[in-house]
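Structural overview for review
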Amino acid sequence: MPPAGLFDVTGRTALVTGGTSGIGLMIAEGLLAAGARVLVSSRKPAACAAVADRLGARCTGVPADVGTPDGARALVAAVDGRLGGRLDILVNNAGATWGAPIDDFPDDAWDKLVGVNLTGVFRLTSSLLPALRAAATDDHPARVINIGSLAGLRVTELENYPYSATKAAVHMLTRHLARRLAAEHVTVNAIAPGYFPSRMSAFVADDPDAHDAVRAGIPRGRWGRPDDVVGATVFLSSRAGSYLTGVVLPVDGGVSGCT
């Protein structure tokens, strides 16, 4: 196969949760550019409609809260109705964060983050297994790509205990699901992004001093860019990545590997 063909996802169907902003939107745009048909979801109906309208005919927006059983059911129904009940690529990107000192960390915030960042990933993946199995073949396995985090690989300076804990759990869940689903031609991998400009990182990215302090600790000397996470996602979604499963891929400019 010519090298360019290894990274082609033309005609594939994809669902990107949390796909209307930040890393999720970067990934949705990248999969569209690589030829896929993409369904994006978020909790906000207006954001889903606006992104789908901007990205064009091959993009559909479906509002859903992946932290709830009803949200998972809504996305299963959308895959059945709009993608013909077949799903080639599931990107579990939806996530939440909350920072507070350990003495004052609220129980409801902890429960929310576990529900969205961890339980939601498992619930949605298991709910969409029939659609993933319907699309999967030996030569072209279906793909599940979980978006973990650098914070799930190492302790950071931020007091965000459930976020770090849930992302570490997502990495281990990825390995368990990969082992379980390999024989069914479904690969499961995770991307662990480092520092990228997004809604969740805005409190750091928008502060010049904090932004520069973070940048100084990144061996590559810069924050992540859209093509960094898009390249990793397209690789894992395409023929080039079809023999990988159970991998947690840091996309962090060398923070986890070099420091």
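Located above this text is the structure these notes cover.
Definitions and limits used
Residues numbered from 1 in each chain as written. Predicted model: local features only at pLDDT ≥ 70, side-chain atom pairs only at ≥ 80, totals over all residues. Heavy atoms only, no water. Axes fitted to C-alpha atoms, helices over the stretch in contact; angles between N-to-C directions. Helix = DSSP H or I, 4+ residues; strand = E, 2+ residues; numbered from the N terminus. Left-handed = near helix turned anticlockwise from the far one by under 90°. Contact = heavy atoms within 4.5 Å. Nonpolar A, V, L, I, M, F, W, Y, C, P; charged D, E, K, R; others polar. Pairing = 2+ DSSP bridges. Buried < 20%, exposed > 50% of the residue type's maximum accessible area, 1.4 Å probe, protein only. Lys, Arg positive; Asp, Glu negative; His and termini not counted. Salt bridge = Lys/Arg side-chain N within 4 Å of Asp/Glu carboxyl O. Polar contact = N/O pair within 3.5 Å; in protein donor to acceptor, adjacent residues only side chain to side chain.

In contact at an axis separation of 10 Å, helix α3 (residues 69–82) and helix α4 (residues 107–127) are set at 35° when each is read in the N-to-C sense. In the packing of α3 onto α4, the handedness of the crossing is right-handed. Each of P69, A72, L75 and V76 in α3 lies in contact with α4, whose residues at this interface are R123, L124 and S127. Taken together, the residues that form the contact of α3 with α4 break down as five nonpolar, one polar and one charged.

In a beta sheet, neighbouring strands pair by backbone hydrogen bonds and run either parallel or antiparallel. In space, the seven strands of this open sheet follow the order β3-β2-β1-β4-β5-β6-β7, with parallel pairing throughout. Strands with a single pairing partner mark the edges of an open sheet, and in this sheet they are β3 (59–63) and β7 (248–251). Pairwise comparison of adjacent strand axes, ignoring direction, gives a mean angle of 20° for this sheet. Bridge count for strand β2 (residues 37–42) against β3 is five bridges, and the pairing is parallel. Among the inter-strand pairings, V38 is bridged to a residue of β3, identified as C59.

Position of D252 relative to the elements: it lies in the loop between β7 and α10 (255–258). Of the side chains with opposite charge, R154 lies nearest to the buried D252, which makes no salt bridge, at 6.9 Å. Of the polar contacts made by the side chain of D252, one reaches the backbone nitrogen of G254; its length is 3.0 Å. From its side chain, D252 meets the backbone nitrogen of V255 in a polar contact 3.3 Å long. Contact partners of D252, with chain neighbours within four places excluded, come to L150, G194 and I218.

The next subject is the pattern of salt bridges. Within the structure shown, the criterion is met by six salt bridges. Here R54 ties to E29 by a salt bridge, and the two come within 3.1 Å at their closest N and O atoms. Taken together, the residues R54 in helix α2 (residues 45–55) and E29 in helix α1 (residues 22–33) connect sequence positions 25 residues apart. Accessibility expressed as a relative area gives 32% for E29, which makes it partly exposed. As a salt-bridge pair, E184 and R180 come within 2.6 Å of each other at their nearest N and O atoms. Classification of E184 by relative accessible area gives partly exposed; the value is 24%. A network of salt bridges, in which partner residues are shared, links R133, R180 and E184.

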